[in-house]
Amino acid sequence: MANIKKIAVLTSGGDAPGMNACVRAVVRTAIYDGIAVFGIYGGYEGLINGEIMPLNRRSVSNLIQKGGTFLKTSRSETFLHVAGRKRAADVLKEWEINGLVVIGGDGSFRGAHTLHQEQNVNVVGIPGTIDNDIYGTDLTIGYDTAVMTALDSIDKIRDTAASHDRLFIVEVMGRHAGFIALEVGICGGAEEILVPEVHLSLDDLGNLIKTWATTGKTSSLIVVAEGDELGNAHEIAKTLQSQFHANCHVCILGHTQRGGSPTATDRLLASRLGYHAVQALENGQTDIMVGWANNAATFIPLPETWEKKKPLDAELLKIYRILSA
Ligand code: F6P
């Protein structure tokens with residue numbers, strides 16, 4: 001057992017529904033185990049600026065159902081430099097904090113790993129991003145809620161597409177990954193799903209659209225991940241219009257997918273991972289991410305979480321092709 005007496009928790013990068021539930025789990029587990037716990041406001045930037053507050057069980061009351069992050073978050077430029085990280089480590093020392101829980105995505109994990117390597121800070125990461133693009137965990141906190149939010153919009157767009165016999169291109173988030181697009185595409189009955197992980201040329205897409213009319217389809221929906229190689233929804237629509245005379249309507253779901261009350265799946269995941277992160281620090285584990293795979297907690301060295309690529313479900317890719325025809 002490590003001699004952990006005081007820990008701190010921060011949220012970093014893009015907010016994700018379930019981050020509050022996760023902070024709550026970290027705070028209450030720590031207090032249960034007799035560890036003092038501090039909240040850092042504004043991610044790494046807040047740490048550098050010493051924006052730290054002690055938290056108690058009541059500080060995290062009535063938060064489990066709330067979207068966003070009450071601790072606030074940021075993408076810190078200062079933390080990318082050694083002087084910023086040194087300052088961050090000094091602040092932790094001043095407060096005698098000997099464990100840091102970082103809830104965020106791959107950029108936040110890179111920061112946590114460097115802080116550990118360079119400044120010898122004990123860190124444990126918890127995957128919190130709607131993109132689900134972190135190796136070593138089946139799900140990331142916020143992904144399930146983002147899928148439900150996007151799906152709700154897609155169902156509504158389908159009503160209009162069907163009523164007007166229209167072709168819609170719906171752009172969902174996922175900077176470098178197609179997890180949201182694939183799942184909402186399948187669940188929303190999309191005709192085509194464009195994801196960065198799978199190559200499809202504009203010609204292939206144009207030809208596919210032509211075949212839809214011949215099979216009796218009067219309306220259709222293409223879901224595109226924002227990081228797809230063909231470009232964003234507006235660019236794709238423009239090309240399909242000019243080269244294939246396909247009249248496309250575009251809808252970009254954007255940041256609606258990042259907000260809202262977390263689903264039960266996200267609250268459960270957040271509660272589990274918050275608990276395991278504190279236990280991991282107490283057990284002397286550091287420079288790791290706590291994830292959830294095959295119905296059990298996983299403990300993955302931080303660099304693996306971004307060096308190894310989490311693949312899209314190959315079977316789902318096959319199934320959607322069969323079902324969308
Ligand atoms: O990583 C989460 C994410 O929502 C991506 O899907 C998206 O590309 C990015 O964050 C947007 O970031 P920001 O809110 O800083 O523009």
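Along each chain, residues carry numbers from 1 onward, in the same order as the chain's sequence is written. The predicted nature of this model means local features are confined to residues of pLDDT at least 70 and side-chain atom pairs, given and counted, to a pLDDT of 80 or more, with totals for whole chains, interfaces and linings taken over all residues. Heavy atoms from the whole structure form the basis of all side-chain values; hydrogens and water molecules are not counted.

(A) Structural view of the domain arrangement of the protein chain. Per the annotation, domain bounds derive from an automatic or database assignment of domains. By the assigned domains, the protein chain splits into domain 1 (6–142 + 262–307) and domain 2 (143–258). Look at where the C-alpha atoms of domain 1 and domain 2 centre, and you get two points 34 Å apart. When two parts are put together, the accessible area they lose, computed with a 1.4 Å probe and summed over both, is reported as buried area. Taken together, both faces of the contact between domain 1 and domain 2 bury some 1300 Å²; the carbon and sulfur share is 51%. Definition used for salt bridges: Asp or Glu carboxyl oxygen within 4 Å of a side-chain nitrogen of Lys or Arg. The interface formed by domain 1 and domain 2 holds 1 salt bridge in total. The residue Asp-15 makes a salt bridge to Arg-258 at a minimum N-O spacing of 2.7 Å. Distance and chemistry together define a polar contact, namely a pair of N or O atoms within 3.5 Å, with one atom able to donate a hydrogen and the other to accept it when in protein, and with adjacent residues in sequence counting only for side-chain atoms on both sides. Here domain 1 and domain 2 share 8 residue pairs in polar contact (both at pLDDT 80 or more) between them. Charged means Asp, Glu, Lys or Arg here, nonpolar means Ala, Val, Leu, Ile, Met, Phe, Trp, Tyr, Cys or Pro, and polar covers whatever is left, Gly included. Its residues assigned to classes, the side of domain 1 that touches domain 2 shows 6 nonpolar, 7 polar and 5 charged.

(B) A look at the layout of surface pockets. Cavities and pockets are found on a 1 Å grid laid over the protein atoms alone: a cavity is a set of points where a 1.4 Å probe fits but cannot escape, a pocket is an open set with protein on both sides within 12 Å along at least five of seven lines, and a lining residue has an atom within 4 Å of such a point. Grid points are joined across faces, edges and corners, and a volume is the space filled by probe spheres set on the points. Counted as a void, the largest pocket has a volume near 730 Å³. Arg-75, Gly-105, Asp-106, Gly-107 and Arg-175 are, among the 36 residues lining the largest pocket, the residues nearest its centre. Per element, the largest residue contribution to the lining of the largest pocket is 6 residues, and it comes from helix α4 (residues 106–119). Its residues assigned to classes, the lining of the largest pocket shows 7 nonpolar, 15 polar and 14 charged. Looking at which domains feed residues into the lining of the largest pocket, each of domain 1 (6–142 + 262–307) and domain 2 (143–258) supplies at least three. Secondary structure elements are defined from DSSP: runs of H or I of at least 4 residues count as helices, runs of E of at least 2 residues count as strands, and each element is numbered from the N terminus.

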